[in-house]
Amino acid sequence: QVQLVESGGGLVQAGGSLRLSCQASGSIFSINVMGWYRQTPGKQRELVATITSGGSTNYADSVKGRFTISRDNAKNTVYLQMNSLKPEDTAVYYCNTEFRTWGLDHRAAWGQGTQVTVSS
């Protein structure tokens, strides 16, 4: 069983910054991709950013230049530094990981979500 614990959400004014953290724990042999997604009411969950174990990153066009994803492989933790926040960044942010179990099965897991609210 794998758990993802997120932290760092909150309320911030437009132009401000927040840093999200997500730590994975449990029956993990290795983690390939870690990432952040977000969702607003009535809309599908969308990709924000992902990072591989080798450090390759991928960003949604809407956050390029403002958000930075990073990870600490030793701690199984992924971070999302969000700068120049806009009201349209308001959403519930979910951590996701693709990993291999000790039995070498490929699995994926989601965090519980953390609310980010940007006021204008």
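As a starting point, this report considers the structure included with it. Values in this document were obtained by computation on a predicted structure and should not be read as measured data.

**Overview of the state of the cysteines**
Okay, so step 1: Taken as a whole and assessed by the stated rule, the structure comprises one disulfide.
Okay, so step 2: Each disulfide pairs two cysteine sulfurs, and for Cys22 the partner residue is Cys95, the sulfurs being separated by 2.1 Å. Across the S-S bond linking Cys22 and Cys95, the dihedral sits near -80°, which makes this disulfide left-handed. Of the two residues, Cys22 is situated in strand S3 (residues 18-26) and Cys95 in strand S9 (residues 91-100); the sequence distance between them amounts to 73 residues.

**Regarding the environment of Ala60**
Okay, so step 1: As for its position among the elements, Ala60 is in the loop between strand S6 (57-59) and strand S7 (67-72).
Okay, so step 2: Spatially, the C-alpha atoms of Ala60 and Ala49 are 6.2 Å apart, while their sequence positions differ by eleven residues.
Okay, so step 3: If sequence neighbours within four positions are ignored, Ala60 has contacts with Leu47 and Val48.

**Points about the environment of Trp110**
Okay, so step 1: Position of Trp110 relative to the elements: it lies in strand S10 (residues 106-110).
Okay, so step 2: For Trp110, a relative accessible area of 42% puts it in the partly exposed group.
Okay, so step 3: The spacing of Trp110 and Ile28 is 82 residues in sequence and 14 Å in space, taken between C-alpha atoms.
Okay, so step 4: Apart from the residues within four sequence positions on either side, Trp110 is in contact with Leu4, Tyr37, Arg45, Tyr94, Cys95 and Asn96.

**A look at the environment of Asp61**
Okay, so step 1: Relative to the helices and strands, Asp61 is located in the loop between S6 and S7.
Okay, so step 2: Residues Asp61 and Asp89, 28 residues apart in the sequence, show an inter-C-alpha distance of 13 Å.
Okay, so step 3: For Asp61, the side chain forms a polar contact with the side chain of Lys64, separated by 3.1 Å.

**Brief notes about the side chain of Thr77**
Okay, so step 1: Of note, Thr77 is situated in strand S8 (residues 77-82).
Okay, so step 2: Exposure remark for Thr77: the relative accessible area of 6% places this residue in the buried category.
Okay, so step 3: Within the structure, the side chain of Thr77 is placed 2.9 Å from the backbone oxygen of Lys75, a separation counted as a polar contact.
Okay, so step 4: Here Thr77 is in contact with Cys22, Gln23, Met34, Ser70, Arg71 and Asp72, once residues within four sequence places are set aside.

**Things to note about the nonpolar core**
Soluble globular proteins tend to pack their nonpolar side chains together in the buried interior.
Okay, so step 1: Trp36, Leu80, Met82 and Tyr93 are the most contacted members of the largest nonpolar core, which has 30 residues in total.
Okay, so step 2: At the level of elements, strand S1 (2-7), S3, strand S4 (30-39), strand S5 (46-52), S7, S8, S9 and strand S11 (114-119) are the ones that each hand at least two residues to this core.
Okay, so step 3: Not counting chain neighbours up to four residues away, the residues in contact with Met82 comprise Gly16, Ser17, Leu18, Leu20, Arg66, Phe67, Tyr93 and Val116.

**A few points about the pairing of S8**
Remember that side chains alternate between the two faces of the sheet whenever the strand is regular.
Okay, so step 1: The element S8 is largely enclosed, with a buried count of five among its six residues.
Okay, so step 2: In this structure, S3 lies alongside S8, joined through six bridges in antiparallel fashion. Bridge pairing links Leu18 to Met82 in S8.
Okay, so step 3: With six bridges joining them, S7 and S8 adopt antiparallel strand pairing. For Ser70, the partnering residue across the bridge sits in S8 and is Tyr79.
Okay, so step 4: Where S7 hands over to S8, the hairpin turn is made up of four residues, of which Asn76 adopts a positive phi near 50°.

Quick notes on the rules
Residues numbered from 1 in each chain as written. Predicted model: local features only at pLDDT ≥ 70, side-chain atom pairs only at ≥ 80, totals over all residues. Heavy atoms only, no water. Disulfide = S-S within 2.5 Å. Helix = DSSP H or I, 4+ residues; strand = E, 2+ residues; numbered from the N terminus. Contact = heavy atoms within 4.5 Å. Buried < 20%, exposed > 50% of the residue type's maximum accessible area, 1.4 Å probe, protein only. Polar contact = N/O pair within 3.5 Å; in protein donor to acceptor, adjacent residues only side chain to side chain. Core = buried A, V, L, I, M, F, W, Y, C linked by side-chain atoms within 4.5 Å. Pairing = 2+ DSSP bridges.

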